[in-house]
2 protein chains.
Amino acid sequence: MNPQPIVLINSFEVPRRRGRSLPRRLGASRAFLSTQDGYLSTRLHRSFSPSADFRFVNVAYCESAQAFQAATARPEFTNAHIPVPFHASLYEVVRDNEL
Amino acid sequence: MNPQPIVLINSFEVPRRRGRSLPRRLGASRAFLSTQDGYLSTRLHRSFSPSADFRFVNVAYCESAQAFQAATARPEFTNAHIPVPFHASLYEVVRDNEL
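Everything numeric here is computed off the predicted structure, so don't read it as measured data. (Residues numbered from 1 in each chain as written. Chains lettered and ligands numbered in written order. Predicted model: local features only at pLDDT ≥ 70, side-chain atom pairs only at ≥ 80, totals over all residues. Heavy atoms only, no water.)

Engineer: Give me the pairing of strand S3 (residues 56-62) of chain A: which residues, what numbers.
Structural biologist: All names here are of chain A. The buried fraction of S3 amounts to seven of the seven residues, a majority that puts the element mostly inside the structure. Where burial is concerned, the two faces of S3 agree: the one with Phe56, Asn58, Ala60 and Cys62 and the one with Val57, Val59 and Tyr61 are both buried. Pairing of strand S1 (residues 6-12) with S3, which is carried by seven bridges, proceeds in the antiparallel orientation. Each bridged residue has a counterpart across the sheet, and for Phe12 the counterpart in S3 is Phe56. Of the pairings in the sheet, the one linking strand S2 (residues 39-47) to S3 comprises seven bridges and is antiparallel in character. Looking across to S3, one finds that Leu44 is bridged to Asn58. (Buried < 20%, exposed > 50% of the residue type's maximum accessible area, 1.4 Å probe, protein only. Helix = DSSP H or I, 4+ residues; strand = E, 2+ residues; numbered from the N terminus. Pairing = 2+ DSSP bridges.)

Written as structure tokens, this is what we have:
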């Protein structure tokens, strides 16, 4: 395993009274990704405030950008339509402070 | 320790050719937070793409929302001016899938 995993952070804009299906749809995407090479984990966050700019934020770890791009280019992934606007990018961890 | 920590996710909009001072400013905030009750850890992410909607995303863990709110209300924290627009909210983890 790469000692420095790649992180996909995906922030979802969810208007009030929408987004009920989002965790289920994201669960389907995660189930697919978990079968792909290089997938490590995902963590789905829900805001305490219903009026947060991003009601849900998904953080997924993968061994490499190449593995992630290969997995997310497959039709099983791209066909999992997400019904709200979202902002997704690949990140590296530049500072990690555990106490 | 609370078995389910609270997560502060803070996404920073950083225009090209700006934000050079952001990691240093966030480091100063983190150094302060690390002295406060209930602080657990922070992880700073930088996008691979300079044109990502959010060039930096900070993810911080804390034992409780109360501890976080108390720490972030202190002047040492609120005076650490951040020079770019950002989106911050408190989250709970609603799904955690480790392989």
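That was the structure; now back to the text.
Engineer: Give me the packing of aromatic side chains: which residues, what numbers.
Structural biologist: Residues and elements named next belong to chain A. Considering all chains together, one arrives at three aromatic pairs over all chains under this definition. With a centroid separation of 5.8 Å and 40° between ring planes, the pair formed by Phe12 and Phe86 is classed as tilted. Highlighted residues: Phe12 in strand S1 and Phe86 in strand S4 (residues 86-98), separated in sequence by 74 residues. Given a relative accessible area of 1%, Phe12 falls into the buried group. The exposure class assigned to Phe86 is partly exposed, which follows from its relative accessible area of 42%. (Phe/Tyr/Trp six-rings, centres within 6.5 Å; stacked < 30°, edge-to-face > 60°.)

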